[in-house]
Amino acid sequence: AEFGKDRVDGIVDIMMEIFLSVDTINIGKNQIPAEQVKNVFRKIDVDHLRYVLDCVEETSKNKPIKNMKSYLKTALYNAPMTIDNYYTSEYLFDQYGRKEE
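Values in this document were obtained by computation on a predicted structure and should not be read as measured data.

Conventions we followed
Residues numbered from 1 in each chain as written. Predicted model: local features only at pLDDT ≥ 70, side-chain atom pairs only at ≥ 80, totals over all residues. Heavy atoms only, no water. Helix = DSSP H or I, 4+ residues; strand = E, 2+ residues; numbered from the N terminus. Buried < 20%, exposed > 50% of the residue type's maximum accessible area, 1.4 Å probe, protein only. Contact = heavy atoms within 4.5 Å. Patch = residues over 30% accessible without salt bridge, like charges linked within 9 Å, V, L, I, M, F, W, Y side chains within 5 Å. Areas by Shrake-Rupley, 256 points an atom, 1.4 Å probe, with all protein chains shown as cover. Salt bridge = Lys/Arg side-chain N within 4 Å of Asp/Glu carboxyl O. Pairing = 2+ DSSP bridges. Core = buried A, V, L, I, M, F, W, Y, C linked by side-chain atoms within 4.5 Å. Arc of directions from axis to C-beta.

Participant: When you look at the overall build of the protein in this model, what are you seeing that I'm missing?
Facilitator: Check the secondary structure of the protein and you find four helices and two strands. The N-to-C order of helical and strand elements in the protein reads α-β-β-α-α-α. Considering the protein as a whole, with its 101 residues, one finds that 31% of them fall into the buried category. For the protein, long-range pairs separated by at least 24 residues make up 62% of all intrachain contacts whose partners lie at least 6 apart in sequence.

Participant: Looking at this structure, I do not really get a nonpolar patch on the surface. What am I missing?
Facilitator: On the surface, a cluster of nonpolar side chains totalling about 300 Å² of accessible area is made up of Val-12, Met-16 and Leu-20. Summarising the element assignment, Leu-20 is placed in helix 1 (residues 5–20).

Participant: What is the right way to look at the pairing of strand 1 (residues 24–27) in this model?
Facilitator: Of the two faces of strand 1, only the one carrying Ile-25 and Ile-27 is buried; Thr-24 and Asn-26 on the other face are not. Alignment of strand 1 against strand 2 (residues 30–33), held across four bridges, turns out to be antiparallel. Bridging across to strand 2, Asn-26 finds its partner in Gln-31. Where strand 1 folds back onto strand 2 in an antiparallel hairpin, the turn is made up of two residues, including Gly-28, whose phi is positive at roughly 65°.

Participant: Teacher, can you tell me more about the pattern of salt bridges here?
Facilitator: Note on pairing: side chains with opposite charge can pair once their charged atoms come close. One pass over the structure, following the stated rule, counts five salt bridges. In this structure, the salt-bridge partner of Glu-17 is Lys-69, at a minimum N-O distance of 2.9 Å. Taken together, the residues span a long stretch of sequence, with Glu-17 in helix 1 and Lys-69 in helix 4 (residues 68–97) at a distance of 52 residues. Classification of Glu-17 as partly exposed rests on a relative accessible area of 38%. Owing to a relative accessible area of 38%, Lys-69 belongs among the partly exposed residues under this scheme. For the salt bridge of Asp-47 with Arg-50, the shortest nitrogen-to-oxygen distance reads 3.1 Å. Note that Asp-47 and Arg-50 are positioned in helix 3 (residues 46–62) at a spacing of three residues, about one turn of the helix. Residue class for Asp-47 comes out partly exposed when judged on its relative accessible area of 41%.

Participant: I would appreciate a short explanation of the nonpolar core in the present structure.
Facilitator: Soluble globular proteins tend to pack their nonpolar side chains together in the buried interior. Ile-11, Val-37, Phe-41, Val-52, Leu-76 and Tyr-77 are the most contacted members of the largest nonpolar core, which has 26 residues in total. Every residue in contact with Ile-11, bar those within four places of it in the chain, is listed here: Leu-49, Leu-53, Leu-72 and Leu-76.

Participant: Looking at this structure, I do not really get helix 2 (residues 34–41). What am I missing?
Facilitator: Since the α-helix packs 3.6 residues into each turn, any two residues three or four apart lie on the same face. Restricting attention to buried positions, one finds in helix 2 the residues Ala-34, Val-37, Lys-38, Val-40 and Phe-41. Projected onto a plane normal to the axis of helix 2, the buried residues spread over an arc of 160° and lie on a single side.

Participant: Looking at this model, I keep getting lost on the environment of Asp-54. Mind explaining?
Facilitator: Here Asp-54 lies in helix 3. Considered as a pair, Asp-54 and Phe-3 are 51 residues apart in the sequence and their alpha carbons are 10.0 Å apart.

Structure, rendered in structure tokens:
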């Protein structure tokens, strides 16, 4: 599998926990109504999963992620809002940011 079954299963478990929540959900340092989080999570598709896993990989290169579950919940919640800017930034860096040797 492209992502690794265990990694995807872990994300699915987190998403299921969100969908079973009824009150509020901790996202980062914020308490957000469960329905609001569920509405965002309903937008998540395979591209968002790939993006979140890319973010985990990039972040882990600089420092270990101490609370992976919290990190993943926050990354999944933010993914629909940040994915386009992330890949635009990557593209622009690849095109113009690398110094020629």
